[in-house]
Amino acid sequence: MEPAIDYSHLSKTYTQGLLGMGQPVHALKDVSLSIASGEIVGLVGPNGAGKSTLMNLTTGLLLPSEGSVCVHGHPARSLEARRCIGYMPELPTFLGLYNPRKVLRYHGALAGLARRDLNGRIDELIERVELTHAANRRSATFSQGMRQRLALAVALISRPRVLILDEPTNGLDPVGIVDVRRMLLQLRETGMTILVSSHRLSELDKLVSSVVMLADGQLVERSSESVSQADVRVFVGVAAGSCGDHILEGFTVVERTDAAIIFSLDSTDSIPVLVRTLVQRGAEITSVKLEGDDLESRLLRLLEQRK
Amino acid sequence: MLAWELIKETFFRKSSIAILHVLGALLYGIIAVLPMRNSLEVGAFVFILSGVALPLLISQGIFGDDIVSGRARVVLTKPMSFATLYIWRLVGMCLQCLVQMAIGSAVLYLAHRLGARGSVNHLLLLNLMAMFMFLTLTTLSTSVSSVVKGGLNLLVMVFGLIFFKAVDWLMGGMETPLAEGVQAFIKYALPPLDLLWSAGNQGAGPLEVLGLVVHALALSLIYASAGIIILSRREFACEREC
């Protein structure tokens, strides 16, 4: 099956100084990666890791120094590739005099939508991003959160096959963040491929089906399974001496002391089973805590290893 | 639909454009009620306001503003060619100029007919020459805007025109092949301000007008091609890249 996005030996070097004679900056180094259709891929890494550069190369806003990017088989920046893409930048700006309807009409027209399709689509999107109350207000008066919602609607206007989101929950309140997450999960059901970068790693953890970690312009890790499902560590506090070896049979123990045991589970779904089994076997549980090999700790560990 | 949205955008992209048109209309109104001795004064006014000042102001930051604000980063990910974007924005600016010149000229003509003020000799021809001056200057300024940041294309254009005018004047006294070459370059490769002005002012014949129109169109085509090539080859990085 053809990948939705295919990066092949992709490198990007920025030149600096007068006539590019300064020290070059290698933002991406030989990145090869395929993203399958329907995946939600989280792009993580510290500042300067190359996340935005990778996204900009995918949208065609930057040109690769070496290698190539293909979107559904078409080279990035080609009209065919751009037809597949919906892009939401980190700091969206719109024509200040336009209200959301006009903004969406403008971007819909640019995306080649016919007038008869556009009216219904605009109403649908305004409702979906919950901007109905501000549909006739000038976008210059919008808060950051409202701009983010409108930018998401703009990215979705042409029903893209690939959605690229740069920090989509920036400036959103907790309710807004949950709404965006729900919306993106709904979009995944439609078979849309989503590439999303965010510094809110806990947020990404709940959303993505796989994670791409970048550091110093290099691909550090590509996990092919859900992060929250990958390796869950559960800290169980027990009354001293209440937990013999027979009680632990069938579970993977990572660490054990008199008063605590750390288990490794394959998913958070197994936690109730673990607790129930331990209690049934006679363990006196004093506390249960998700130690979590979460995205944040994995990223930090990987970065530490690189040092 | 695409064309109309891009044309409309050139007017609504910032509120100062509407203010500019209101000021232009006011200036036309003021000139209409002032006593003017001859057609030169009316013509110079139309030519300078609509042919020179309007294109420089209306095209300020036409691409540069989008690039700096980051709006270009969404617009240019839409499936349309760079030429489409460039051409319809240029058409949008030309339509604004046409409307302003039509209204302004009507005001001047009415003031002349009703109040016997000023002179409207060659007004139609001057309008035509001003329109082509507008076209060449706007195209050049738009292409410059695809390279420089924000609204700096206005400064580049103003200082560029002053610089080349000064060079032309300095070279005027020299009779070397180099000086003649530089003068020919300024006369034919840069917006033909002098040529169009004198043709409109002196009431040039049909052949001369045709030649000037072809010259202005050819220059506009070259400037526009350069701008479209630059847009399609350049990168649109954000301020905080990597």
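Up top is the structure these notes are about.
Criteria and cut-off values
Residues numbered from 1 in each chain as written. Chains lettered and ligands numbered in written order. Predicted model: local features only at pLDDT ≥ 70, side-chain atom pairs only at ≥ 80, totals over all residues. Pairing = 2+ DSSP bridges. Helix = DSSP H or I, 4+ residues; strand = E, 2+ residues; numbered from the N terminus. Axes fitted to C-alpha atoms, helices over the stretch in contact; angles between N-to-C directions. Parallel < 35°, antiparallel > 145°, perpendicular 65-115°, else oblique. Left-handed = near helix turned anticlockwise from the far one by under 90°. Contact = placed C-beta atoms within 7 Å. Buried ≥ 20, exposed ≤ 12 C-beta atoms within 10 Å, placed from the backbone.

Asker: Just checking my understanding: could you explain the sheet that holds strand β4 (residues 66-71) of chain A for this structure?
Answerer: Whether parallel or antiparallel, the strands of a sheet pair through hydrogen bonds between backbone atoms. If you trace the 4 strands from one edge of the open sheet to the other, you get β2-β1-β4-β5 (chain A), paired in antiparallel fashion. Two strands bound the open sheet, and with one partner strand each, they are β2 (25-35) and β5 (74-75) of chain A.

Asker: What is the right way to read the packing of helix α6 (residues 82-115) of chain B against helix α11 (residues 206-233) of chain B from this model?
Answerer: Two packed helices can be described by the angle between their axes and the distance between those axes. All names here are of chain B. Axis separation between α6 and α11 bottoms out at 9 Å; the angle between their running directions is 135°. With respect to α11, the element α6 is oriented oblique. The two elements α6 and α11 meet at a crossing, and its hand is right-handed. Between α6, through Phe82, Ala83, Tyr86 and Leu90, and α11, the contact on the second element is made entirely by Ala224, Gly227, Ile228, Leu231 and Ser232.

Asker: Can you walk me through the sheet that holds strand β12 (residues 252-256) of chain A in this structure?
Answerer: Residue and element names in this part refer to chain A. Taken in spatial order, the 4 strands line up as β12-β13-β11-β14 in an open sheet, and their pairing is antiparallel. Looking at the sheet topology across the chains shown, the edges are occupied by β12 and β14 (285-290). For this sheet, the mean angle separating the axes of adjacent strands, direction not counted, is 25°. In terms of strand pairing, β12 meets strand β13 (residues 260-265) through 4 bridges, oriented antiparallel. Residue pairing for β13: Val253 is matched across the bridge by Phe263. Against the sheet, helix α9 (residues 271-280) contacts β11 (232-238), β13 and β14, and its axis sits at roughly 165° relative to β14.

Asker: Help me out: how do you make sense of the pairing of β12 of chain A in this one?
Answerer: Every other side chain in a regular strand lies on the same face of the sheet, so the side chains alternate between the two faces. With 0 of 5 residues buried, β12 of chain A is to be regarded as a mostly surface element. What sits between β12 of chain A and β13 of chain A in their antiparallel hairpin is a turn of 3 residues.

Honestly, it's all geometry; don't read function into it.
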